[in-house]
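# Structural characterization, general
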Amino acid sequence: MSLFKARDWWSTLLGEKEEFDQGCLCLADVDNSGSGQDKIIVGSFMGYLRIFNPHPVKTGDGAQAEDLLLEVHLRDPILQVEVGKFVSGTELLHLAVLHSRKLCVYFVSGTLGNVEHGNQYQIRLMYEHHLQRTACNMTCGPFGGVKGRDLICIQSMDGMLMVFEQESYAFGRFLPGSLLPGPLAYSSRTDSFITVSSCRQVESYKYQVLVFATDADKREETEQQKLGSGKRLVVDWTLNIGEQALDICIVSFNQSTSSVFVLGERNFFCLKDNGQIRFMKKLDCSPSCFLPYCSVSEGTINTLIGNHNSMLHIYQDVTLKWATQLPHIPVAVKVGSLHYSSSYPKGSDLKGVIVTLSDDGHLQCSYLGTDPSLFQAPKVESRELNYKELDAELKELQKIIKDVKSQGVWPMTEREDDLRVFATVSPNFDSVSQATDADIGTDLVPSITVKVVLQSRLALQKVKLSVYVQPPLALTCDHFSFDFMAPETTREVAFSVYLKRSYTPSELEGNAVVSYFKPTDRNPDGIPRVIQCKFRLPLKLICLPGQPSKSASHKLTIDTNKSPVSLLSLFPGFSSQPDDDQVNVMGFCFLGGSRVTLLASKTSQRYRIQSEQFEDLWLIINELILRLHEYFEKQGIKDFSCSFSGSMPLQEYFELIDHHFELRINGEKLEELLSERAVQFRAIQRRLLTRFKDKTPAPLQHLDTLLDGTYKQVIALAEAVEENQANLFQAFARLKSATHLVILLIGLWQKLSADQVAILEAAFLPLQEDAQELGWEETVDAAVSHLLKTCLSKSSKERALNLSSHLDMPKDTSRLKKHITLLCDRLAKGGRLCLSADSAAPQTIIMPGPGRTRALPLTSGRLGPAGGCTPIPESDLEERSAEQDSTEPFTNHRLLMAEPPTPEDSAFQGLLE
């Protein structure tokens, strides 16, 4: 058993499906036995009142029948129970029970039993008060310094304090500015009521001020108040704590000193009588209840604080002295003196018992400390070891471990059979578009329905489906949950996808991820598992048929090994003029406004894609290659392949990188400037507040004008930050599209395998979202540098270089662009991507070219646009020297020889005439 668990002395579960709160627990000698032993009084929201006197025969026993002294159903919900001298003419203790519309005071008495059933207890109603307002909580004490009796003050839900002098109603007062009721406590030393208002400030009201204030028979001001009769209710002192309070307790050291303890949502405060902070403590967990009490040490106070992690912390002032684990989350905690055991003589009390109550009725009496360990290790038999048997046993165990490792921890077939996920995309648009919040600027924004089907073979729990698409694509609903799925059942969900912003997404692929729990015998809560299913959205969701464009700034040509296919058969529904003469030309218009033209050569096996925006080429090229593969697979042709022999468009790619990085720099500058203006705004506010608080106000000296100007600057800078953030999101999406395009071209250019393309994608697309703390540039630079120093390294000297483990935002993008250029150079010279650096050996490559083949060793150096060679630097020092020697280091990054004019170019041009 752990040292830090509460030692269970006695516990029980109250009722079934009953609810309790912090006012439902009280400890006192309610039956006036005179033994000094406390009884546990518990009231529930279901109206049940129970009184316990626990005395277990053995520590840890549950409740026995004789432990329950009294149980009565009062019909009305019980909000709070208190014990005090509430009946005039006697100083015996009575029980006050607060209902929502009634206050009842009972006398609890016990009759000595003459049979084995024991004593009999009963309650007798002494008096009751019917309330005109709904009650919230109450407090009691010797209001006004009376001797030998206690008065009761009830706070209503609308902020009215109602004072009852035992059997009679005294007066009622509304707290000024009350919106919501807060915790209420009475300080006998200062004779004042202390509460926390909805303004999150602690307020103290003198009882004498409440007595002589204007009567509050109704909330509105009376005519006498308007005429000036009566006194105004004035607060004694206030303290702003900045958070809502859960409870208030008053602890007195002696007759001259007392402290006010306030439990907040994240802190607890100790205040002096005049409202000054004695100390405060920031809590690590969300608290649920607390109880301060005087410590054994003089001048210190112990505080029990329960939290929502089922922990009970004991503080001495602000120092944590003990932490103990509870089996439930406490909503009320008390400390009392209970009878130790029925086997012990009367008078043997167990003092300092901690009594906790949860919201669902777990009542426990526990204590702090440890129990001695009763376990004794058995004696080890001394015998000689047989090493041959040990070797045989070790070999057998190693064989079992090896077999388990080869099979895997979780068999894949079993996991896939537990739950099957299918996603189907509707072939047609929704009849009524679901794009209600699209911000594109056109009324025609279609949406398409996607259905996800879940088929379970076994019983599954807590099944959660999450769907993700690339922005600016949006979903009508992206989260679905099922608490339980019975065996052999099917669940189907549907949602719509549409384009929300006026730029193109980087991918049309969506991902549906399902997490679920599979119950087992060992773990009834289940084992968390995850399965995913991908779906592809149609091109027509973001693109419309358009007119082909004759002029374009960016052109790319894809080579194939088969005759060109009619574009109408590849892209049905995208031709603006379905004529036979136009089957080799097709135009695409994205919903954002950009246009792309696709041409198929009549005399060669080439396709050309051209557009005014470089990143817009990606989706059309990718869609073309995918549809060509599908077309030839249906024809039964398996040797179809694509290639790229043009110049690598790194300059256009670097422009997008620079634009994205510039927006990041602008965002950082704007946030710094906004922080400076916010500091200036708060400083002006403090100066103005100081001047307004002076009894003899000084001239403002245009501080109000400065405050107004600073406020306008703060608003303008906040809007600029939001606008820059939106532009940064858009630039990141365009950069991801261009990155996908560059990776595709490199793969077609160097005939990379799927594994090598996956390594490039992991290096160039490490982030789903871009942020100021961790951006795309520094992450990609680290990944590319790792590739250059491992699998693409030229010598052992480069492999020995260590990379920095800390990623910082770079000053510029020159280093990143240099490393990307060097990566392409080494791929062009025969380098191959792999996860091991052992393959980084000199290789021979075949240079592609129209009608010729040439072999070059890897050490032949960098190949420029005119065919000249420069040596690849051995280290970063040589890279920097090579960069300084070149006047235009990044303008000559055409990695292949320029294509000579071919007849196909004129054929492409003729298609657009």
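Keep in mind that this is a model prediction, so the values were computed, not measured.

## Regarding the pattern of salt bridges
- Taken as a whole, this structure holds 19 salt bridges when the rule is applied.
- Here Lys 39 and Asp 31 are joined by a salt bridge, their closest N and O atoms 3.2 Å apart. In this structure, Lys 39 and Asp 31 share a single accessibility class: buried.
- For Arg 536, the salt bridge goes to Glu 623, with nearest N and O atoms at 2.9 Å. One end of the pair, Arg 536, is in strand β36 (residues 527-536); the other, Glu 623, is in helix α6 (residues 617-634), and 87 residues separate them in sequence.
- Among the residues examined, Arg 536 registers a relative accessible area of 33% and is labelled partly exposed.
- Overlapping salt bridges bring together Glu 18, Arg 50 and Glu 71 as one network.

## A short note on the pairing of strand β20 (residues 267-271)
- Counted residue by residue, β20 has 5 buried out of 5 residues, so it is predominantly covered.
- As paired strands, strand β19 (residues 258-264) and β20 are joined by 4 bridges and run antiparallel to one another. If you follow Val 260 over to β20, its bridge partner there is Leu 271.
- Hairpin connection between β19 and β20: a loop of 2 residues separates the two successive antiparallel strands.
- One ladder, built from 5 bridges, connects β20 with strand β21 (residues 277-282); its direction is antiparallel. Looking at β21, one finds that Phe 268 is bridged to Lys 281.
- Where β20 folds back onto β21 in an antiparallel hairpin, the turn is made up of 5 residues, including Gly 275, whose phi is positive at roughly 95°.

## Quick look at a negative patch on the surface
- Taken together, the side chains of Glu 668, Glu 671, Glu 672, Glu 676 and Glu 773 present a region of like negative charge at the surface.
- With respect to the element layout, Glu 668 can be found in helix α7 (residues 650-693).
- Glu 668 sits in the partly exposed class, given a relative accessible area of 35%.

## Focus on the sheet that holds strand β40 (residues 595-600)
- Taken in spatial order, the 6 strands make up an open sheet running β37-β39-β40-β41-β38-β42, and their pairing is antiparallel. Edge strands, defined here as strands with exactly one partner in the open sheet, are β37 (543-546) and β42 (642-643).
- As paired elements, strand β39 (residues 585-590) and β40 share 5 bridges and run antiparallel to each other. By the bridge assignment for β40, Gly 587 is matched with Thr 597.

## Structural notes on the environment of Gln 276
- Here Gln 276 is to be found in the loop between β20 and β21.
- Separated by 38 residues in the primary sequence, Gln 276 and Thr 238 place their C-alpha atoms 9.3 Å from one another.
- The contact partners of Gln 276, leaving out residues within four places of it in the chain, are Cys 270 and Leu 271.

## Some thoughts on a nonpolar patch on the surface
- A cluster of nonpolar side chains, Leu 385, Tyr 387 and Leu 390, forms an exposed patch at the surface whose accessible area comes to about 330 Å².
- Inspection of the secondary structure puts Leu 385 in the loop between β28 (362-367) and α3 (387-407).

## Points about the sheet that holds strand β23 (residues 301-307)
- With antiparallel pairing, 4 strands are arranged side by side in an open sheet as β22-β23-β24-β25. For this open sheet the edge positions go to β22 (287-294) and β25 (319-325), each flanked by a neighbour on one side alone. Along the sheet, successive strands turn relative to each other by an average axial angle of 20°, direction set aside.
- Examined bridge by bridge, strand β24 (residues 311-316) and β25 share 6 bridges and lie antiparallel to one another.

## Overview of the environment of Val 784
- Within the element layout of this structure, Val 784 appears in helix α10 (residues 776-789).
- Separated by 35 residues in sequence, Val 784 and His 819 place their C-alpha atoms 6.7 Å apart.
- With sequence-adjacent residues up to four places away left out, Val 784 is seen in contact with Phe 764, His 819, Ile 820 and Leu 823.

## Here's the deal with unusual backbone geometry
- Geometrically, the link from Pro 471 to Pro 472 is a cis peptide bond, its omega value of 10° lying close to zero.
- Its location among the elements puts Pro 472 in the loop between β31 (460-468) and β32 (473-475).
- The phi dihedral of Lys 17 falls on the positive side, at around 55°, and the residue is not glycine.
- Residue placement: Lys 17 occurs in the loop between β1 (7-13) and β2 (25-28).

## Focus: the packing of aromatic side chains
- Enumeration over the complete set of coordinates arrives at 18 aromatic pairs.
- Both rings, one in Phe 261 and one in Phe 279, keep their centres 6.2 Å apart while their planes meet at 70°; by these two values the pair is edge-to-face. One end of the pair, Phe 261, is in strand β19; the other, Phe 279, is in strand β21, with 18 residues separating them in the sequence. Here the two residues Phe 261 and Phe 279 agree in accessibility, since each one is buried.
- Among the aromatic side chains, those forming a connected cluster through ring pairs are Phe 143, Phe 171, Tyr 186, Phe 193 and Tyr 207.
- Its guanidinium or amino end placed over the ring of Phe 429, Lys 540 lies 5.2 Å from that ring's centre, counting from NZ or CZ.

## A look at the nonpolar core
- Formed by 104 residues in total, the largest nonpolar core has its most connected members in Leu 537, Phe 588, Tyr 653 and Phe 764.
- Among the elements that take part in this core, helix α8 (residues 703-750) stands out by supplying 11 residues, more than any other.
- Apart from the residues within four sequence positions on either side, Leu 537 is in contact with Val 425, Ile 448, Val 450, Val 469, Leu 473, Val 497 and Leu 508.
- One finds Ile 40, Val 42, Val 353 and Cys 365 within the second-largest nonpolar core, a separate group that totals 18 residues.

## Focus on α10
- For α10, spanning 14 residues, the distance from its first C-alpha to its last is 20 Å, which sits close to the expected 20 Å at 1.5 Å a residue.
- Counting buried positions over the 14 residues of α10 gives 11, a clear majority of the element.

About the criteria used
Residues numbered from 1 in each chain as written. Predicted model: local features only at pLDDT ≥ 70, side-chain atom pairs only at ≥ 80, totals over all residues. Heavy atoms only, no water. Salt bridge = Lys/Arg side-chain N within 4 Å of Asp/Glu carboxyl O. Buried < 20%, exposed > 50% of the residue type's maximum accessible area, 1.4 Å probe, protein only. Helix = DSSP H or I, 4+ residues; strand = E, 2+ residues; numbered from the N terminus. Pairing = 2+ DSSP bridges. Patch = residues over 30% accessible without salt bridge, like charges linked within 9 Å, V, L, I, M, F, W, Y side chains within 5 Å. Areas by Shrake-Rupley, 256 points an atom, 1.4 Å probe, with all protein chains shown as cover. Lys, Arg positive; Asp, Glu negative; His and termini not counted. Charge placed at Lys NZ, Arg CZ, Asp CG, Glu CD. Contact = heavy atoms within 4.5 Å. Axes fitted to C-alpha atoms, helices over the stretch in contact; angles between N-to-C directions. Phe/Tyr/Trp six-rings, centres within 6.5 Å; stacked < 30°, edge-to-face > 60°. Lys NZ or Arg CZ within 6 Å of the ring centre and 35° of its normal. Core = buried A, V, L, I, M, F, W, Y, C linked by side-chain atoms within 4.5 Å. Expected span 1.5 Å × (residues − 1).

It is worth stressing that arrangement in space is one thing and function is another; only the former is reported here.
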